[in-house]
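Topology and contacts: notes
So the chains spell out like this:
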Number of protein chains: 2
Amino acid sequence: MRVEVFFTPHQVEELYFREKRVVVVDVLRASTTIATALYNGAKEIIPVATVESAMKIVGNLDGDVTLLGGERDGKMIEGFHLGNSPLEYVEERVRGKSIVLTTSNGSQAILKARHAREMSVLGFVNISVIESVVREGEGDLVILCAGHDGFFSMEDAVCAGMLIHRLVDGSKAEMELGDAGIASVALYKNQGKSILKMLRNSEHGKYLDEIGFRNDLEACAAADAMPVVPQFLGNVVKLKKDSESIKISIPT
Amino acid sequence: MRVEVFFTPHQVEELYFREKRVVVVDVLRASTTIATALYNGAKEIIPVATVESAMKIVGNLDGDVTLLGGERDGKMIEGFHLGNSPLEYVEERVRGKSIVLTTSNGSQAILKARHAREMSVLGFVNISVIESVVREGEGDLVILCAGHDGFFSMEDAVCAGMLIHRLVDGSKAEMELGDAGIASVALYKNQGKSILKMLRNSEHGKYLDEIGFRNDLEACAAADAMPVVPQFLGNVVKLKKDSESIKISIPT
């Protein structure tokens, strides 16, 4: 099995993802927010590229069951119901709702890989269930880090590295890695001892702290706190069918 | 002092480099080839983007003192005098010559950063002299890795990390690093114990080995074997003036 890692979606063309098995990572914060929303009963997440598209789509949908969520520069967008803080996506707000989500990096990464054969969304909050799904699936794997505005993000690389490290550890099959995959594992080993500390030291983590989202970092660091498999299919992200029955052994 | 690292030139706009102090890294092989050519007495290197431009430029220059060098897919270009193997750039061939160089990644990275206030070219072969020059200069630093076709290359990141590690080690001033800078240092620590081994395990190193350039990897791994400072100024890369007088302590 070959595992390819991209540190940003800007590097690669949309059609590259056709027929690929893809895991999209945006630890701070879209992956965490999506997993949290679905864990708390949201019906689906509809990722869109622009604020204008989000407004347009929500205008065509039933207002009672649809919410607008997302951020620009980390902050809530005017007229939206929700920002991009996972802590906002509590059960009382999201249960049964469709959430149109536009974020600066995560939504864009998901849309870039939309031609994938299979796509799931990974954060530290659901790493063990994603590991199980990847292990049970077939074919080569592409891990697409959302990064930040086209640049490398430590937290996404470390999360990718953690997933690969676990896959390698438990796999009998040979795992073939390119430079970015080897680098991700090395970065996980170097930076992954304390996920929370790594997030606090990361560029985007520092920025989120500055603009008042310090508590988000704890939510995003909480390994396996939201053990669901968000799967992109037919333009929406939903819980993967039968994924509740996946047996996972969550490390303590 | 802030040190910014880019893993590929594709991430960033040309105008970003205006007024910046830049070090361009393409270990395999343009950096190594350029340092080798200048060390062996080449007058200058003229980096150009395309084979067609190279042909055109060389047509306007004195054929006796101009050579065409470069590669596509790692291989020599038809009608060119030299490929991109540093081992070809021996004194007998290059002394006194202007070399028009077009390579897939290194030449492109240099051209991308051409608006820089200062730009030098780094490989393992000249890391100590570049370290000295950077230390003596002023202002923030940008390290631009050539990468490979827009993708992350381990060898460039490790070389960037080695330079930063040394700068941090010997510096009294605070060094401010972003995610990519921290990652580079971590990768240097993880992968830099044997530079040659790291090159042999890298994606592009393996490819070069396959197409018959195994010996190039040794040349590219030879720390401080070509202790010169290639500086881009007025569209050509030349030895930095007075750089011969820079005192360096080469680690044994």
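What counts, and where the lines are drawn
- Here the residue index of a chain counts from 1 through its sequence in written order.
- Chain letters start at A and ligand numbers start at 1, both assigned in the order the entries are written.
- Totals for whole chains, interfaces and linings use every residue, but because this is a predicted model, local features are given only for residues with pLDDT of at least 70 and side-chain atom pairs only at 80 or more, for both listing and counting.
- Each side-chain value is derived from all of the structure's non-hydrogen atoms; neither hydrogens nor water enter the calculation.
- Contacts between residues were defined by any pair of non-hydrogen atoms, one from each residue, lying within 4.5 Å.
- Accessible surface is computed with a 1.4 Å probe, and the buried area is the amount of it that two parts give up when combined, taken over both parts together.
- We count a salt bridge whenever a side-chain nitrogen from Lys or Arg sits within 4 Å of a carboxyl oxygen from Asp or Glu.
- Polar contact is defined as a pair of N or O atoms within 3.5 Å, subject to the rule that within protein one atom must be able to donate a hydrogen and the other to accept it, and that residues adjacent in sequence are counted only when both atoms are side-chain atoms.
- Secondary structure elements follow DSSP: runs of H or I of four or more residues count as helices, runs of E of two or more count as strands, with numbering from the N terminus.
- Throughout this entry, Asp, Glu, Lys and Arg are counted as charged residues, while Ala, Val, Leu, Ile, Met, Phe, Trp, Tyr, Cys and Pro are counted as nonpolar. The remaining residues, Gly among them, count as polar.
- Here the copies are matched by least squares. The fit uses the C-alpha atoms of residues with pLDDT of at least 70 in both.

Moving on to the interface of chain B and chain A. Opposite the 25 residues of chain B that make contact, chain A presents 25 residues. Both faces combined, the contact of chain B with chain A buries some 1,800 Å², and carbon together with sulfur accounts for 60% of it. Applying the counting rule to chain B against chain A returns 2 salt bridges. One salt bridge in this structure joins B:Glu203 and A:Arg2, with 3.4 Å as the shortest N-O distance. Seen at the junction of chain B and chain A, the total is 8 residue pairs in polar contact (both at pLDDT 80 or more). When contributions to the side of chain B that touches chain A are tallied by element, the ones reaching two or more residues are strand 1 (2-6), helix 6 (154-169) and helix 7 (179-191) of chain B. Sorting elements by how many residues they give to the side of chain B that touches chain A places helix 7 of chain B first, with 8 residues. Its residues placed into classes, the side of chain B that touches chain A shows 11 nonpolar, 9 polar and 5 charged.

Moving on, we come to the relation of the copies chain B and chain A. When chain B is brought onto chain A, the operation consists of a screw motion whose angular component is 180° and whose axial shift is 0.0 Å, with 0.0 Å RMSD remaining. Here the copies are linked by what is in effect a two-fold axis. Relative to the rotation axis, the C-alpha of B:Leu187 is the closest in chain B, positioned 3.5 Å from it. Comparing contact sets, 100% of the residues at the interface of chain B also lie at the interface in chain A, consistent with an isologous, same-surface contact.

Scanning all chains against the criterion turns up 25 salt bridges over all chains. Where B:Arg2 meets B:Glu176, a salt bridge forms, and the shortest distance between an N and an O atom there is 2.8 Å. One end of the pair, B:Arg2, is in strand 1; the other, B:Glu176, is in strand 8 (residues 176-177), with 174 residues separating them in the sequence. Among the ionic pairs, B:Glu218 bridges to B:Arg200, the shortest N-O distance being 3.2 Å. Note that B:Glu218 is positioned in helix 10 (residues 214-221) and B:Arg200 in helix 8 (residues 195-201), a separation of 18 residues in sequence. Shared partners join several salt bridges into a network, and the residues in it are A:Arg2, A:Glu4, A:Glu176 and B:Glu203.

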